[in-house]
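# Structural description and commentary
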Amino acid sequence: MEAHRPIEVLICGAGPSGLTLAIDLARRGVSFRLIDKLAAPFAGSRGKGIQPRTQEVFEDLGVLDRIAAVGGHYPPQHEYRPDGSSFEARNFVAGPPTVREPYPAPLLVPQFRTEAVLRERLAEFGFAPEYGRELTGFEQDAEGVTVQVRGPHGIETIRCAYLVGGDGGRSFIRLALQIGFPGRTLGVRAIVADIRADGLTRDSWHEFNHGDLERQLSFCPLPHTDLFQLQAPIPLAGDVDLSPAGLQAFIDARLPGVRIVVRGVSWASAYSMSARLADRYRVRRVFLMGDAAHVHPPTGGQGLNTSVQDAYNLGWKLDAVLAGAPDTLLDTYEEERRPIAAAMLGLSTNLLDRAKQGDMRRGRDVLQLDLSYAASSLSLDLPVRHAGVKPGDRAPDATLRGAGGQPRRLFDLFQGPHWTLIGFGADPASLPAAGRRLHVHGIGSDGEFRDVEGHFGRIYSLSRGDLMLVRPDGYVGALAGAADAGRIADHLAGMGALGRGA
Ligand SMILES: Cc1cc2nc3c(=O)[nH]c(=O)nc-3n(C[C@H](O)[C@H](O)[C@H](O)COP(=O)(O)OP(=O)(O)OC[C@H]3O[C@@H](n4cnc5c(N)ncnc54)[C@H](O)[C@@H]3O)c2cc1C
């Protein structure tokens, strides 16, 4: 039996949610370990759509360009008729980037590549997931959690202040906490496999027998690889042969007369779709995130994105409470994230129902740019605003000029683990002092930045003297007139973001 010194956070599961939380805690200087029962990183492509809001999160975490470099934009979708002719299906039309939304379209990145980039970023902070370590039990008391982990050298006991379960849809932690996971199975089972194949071009997402659930088959080229992601619904019961020969026979049976030759299979799985949401995301010192808290059909590409954003919501709150903020801040994690997952389950299940009718169109809601915490107890209740962005909304980007003349983006000011307070033509003396957890900027003729093109004032509907507070996760915390500066300062102090050591 091994024993190590206590850590602040143990993250169970090195999937997208666990890796995101690890990067966020690493950049905050929170002590943590990240364990996974797999012997080596997950090798499949399954969650391959990185939505615009997640791209913004990845920009903040310093990985977006790397993610974009190993991925690409979605290719046109070609649907084939029984006579072999095809047409281009325009299921989602992204607009051009705008000042407020710099990333308008999802990126296509196989999940194993996204995870590899996140691991690379984690390595830059000096950390790595510990593979071959399975969480097998835990107990919590008033001061912390004692966790049993089976690893290469036997059972290890780890003591931590908080345990976070990013341990996937079959979460051991959720089961151990006896948290209900109500929902339903959706009556759809599918194959997803990464194959090497001849007979398909790499410039299109090829869809055959569209709208026919018994014969449908699609091949999506995965950028910067020689792989296609094969997806196909299959009967609810019965064995499936996922070997190269088995998949070849499966394709030939569905596409007689079409010559596609399977050269290899790097990963394959057959799974039944369901939509379920955990009754609770927190039991005292233990949290659930990602698929451990919500599972859903892959339609609309929401799951990985929602998982990453769970972690991004939890990270700054764990850090703040470990630094002395009230424990109730951690209750806002479930308060904010569970309704988002509930809505996402509705969205992806609806899209699945429409896909069964052959309708694959996607709306703006899949982009996740309009998710809002407006109803959250963290959104400061100041005089109601009738125009522009509201507290709890995502803080849009804007272009500014530094007082020295150089262009700057508002997102540059948000980047990092801190809160951001902006005074719009406000008297600098009226603003709280900056610190490690709070960055303070002035925009205006006397400020360090100028709103030369007027984007900032227009997007946020601000008047001279107004203040805007942005949370560490890029959502607006408060918008207020100069008279409410004291309330903003109190709010920040309540989050541990002001004062000595902050
Ligand atoms: C076919 C398919 C297509 C999909 N397409 C999309 C898409 O286009 N877009 C999208 O956003 N999402 C998509 N998803 C969903 C996406 O893959 C998941 O939402 C995502 O992987 C969830 O991440 P996670 O970190 O919560 O969990 P996971 O990725 O499941 O990671 C959990 C980790 O925990 C580890 N673990 C489990 N138990 C223990 C234990 N006791 N001890 C230690 N480690 C443990 C596991 O080994 C695993 O590595 C798709 C899913 C499928 C199946």
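Quick caveat, the model's predicted, so the values are computed rather than measured.

On to the overall build of the chain. In terms of regular secondary structure, the chain is built from 11 helices and 26 strands. Over its C-alpha trace the chain gives a radius of gyration of 24 Å, about what one expects of a compact globule, namely 23 Å for 502 residues. Seen along its three principal axes, the alpha-carbon backbone of the chain occupies a region of about 75 × 60 × 35 Å. For the chain, buried positions account for 57% of its 502 residues. A sequence separation of at least 24 residues applies to 69% of the contacts in the chain between residues at least 6 apart. Of the roughly 20,500 Å² of accessible surface on the chain, 52% is carried by carbon and sulfur atoms. Counting 55 positive and 58 negative side-chain charges, the chain places the centres of these two groups 1 Å from one another.

For the rest of this paragraph, the subject is unusual backbone geometry. We note that Arg284 has phi near 50°; this positive angle belongs to a residue other than glycine. The topology assignment puts Arg284 in the loop between strand 17 (282-283) and strand 18 (286-288). If you check the backbone angles, Ser461 has positive phi at about 50° while not being a glycine. Along the chain, the position of Ser461 falls in the loop between helix 10 (455-460) and strand 25 (467-470). Given a relative accessible area of 29%, Ser461 falls into the partly exposed group.

Right, let's get into the site of the ligand. The ligand sits among 30 residues. The nearest are Ser17, Asp36, Gln111, Asp291 and Leu304. At a separation of 2.9 Å, a nitrogen atom of the ligand approaches a polar backbone atom of Leu135. Breaking the shell around the ligand down by element, the ones donating at least two residues are helix 1 (16-28), strand 9 (134-140) and helix 7 (303-322). Considering each element in turn, the shell around the ligand owes the most residues, four residues, to helix 7.

Pairing is antiparallel across the open sheet formed by three strands, whose spatial order is 4-8-5. Here the strands that pair on one side only, and so sit at the sheet edges, are strand 4 (49-50) and strand 5 (72-73). The pairing of strand 5 with strand 8 (residues 107-108) spans two bridges and is antiparallel. Note on strand 8: the bridge partner recorded for His73 is Leu107.

According to the domain assignment, the chain consists of domain 1 (2-71 + 108-183 + 275-367), domain 2 (184-274) and domain 3 (399-494). Between the C-alpha centres of domain 2 and domain 3 the distance comes to 50 Å.

Of the residues making up helix 11 (residues 485-494), those classed as buried are Ala485, Ile488, Ala489, His491 and Leu492. For helix 11, the buried positions fall inside an angular range of 160° around the axis, keeping them on one side. Buried residues belonging to helix 11 abut strand 22 (419-424), strand 23 (438-443), strand 25 and strand 26 (476-480). Gly496 lies just past helix 11 and shows a positive phi near 75°.

Counted under the stated rule, the structure contains 13 aromatic pairs. Measuring from ring centre to ring centre gives 6.0 Å for Phe208 and Phe219, while their planes differ by 85°; the resulting arrangement is edge-to-face. Within this pair, whereas Phe208 is found in strand 13 (residues 205-208), its partner Phe219 is found in strand 14 (residues 217-221), the two being separated by 11 residues in sequence. The residue whose ring lies beneath Arg202 is Phe228, and the NZ or CZ to ring-centre distance is 4.7 Å. Above the face of the Tyr162 ring, Arg285 is positioned so that its terminal group lies 5.0 Å from the ring centre.

Procedures and definitions
Residues numbered from 1 in each chain as written. Predicted model: local features only at pLDDT ≥ 70, side-chain atom pairs only at ≥ 80, totals over all residues. Heavy atoms only, no water. Helix = DSSP H or I, 4+ residues; strand = E, 2+ residues; numbered from the N terminus. Rg over C-alpha atoms; globule rule 2.2 N^0.38 Å. Buried < 20%, exposed > 50% of the residue type's maximum accessible area, 1.4 Å probe, protein only. Contact = heavy atoms within 4.5 Å. Areas by Shrake-Rupley, 256 points an atom, 1.4 Å probe, with all protein chains shown as cover. Lys, Arg positive; Asp, Glu negative; His and termini not counted. Charge placed at Lys NZ, Arg CZ, Asp CG, Glu CD. Near = heavy atom within 4 Å. Polar contact = N/O pair within 3.5 Å; in protein donor to acceptor, adjacent residues only side chain to side chain. Pairing = 2+ DSSP bridges. Domains from an automatic or database assignment. Arc of directions from axis to C-beta. Phe/Tyr/Trp six-rings, centres within 6.5 Å; stacked < 30°, edge-to-face > 60°. Lys NZ or Arg CZ within 6 Å of the ring centre and 35° of its normal.

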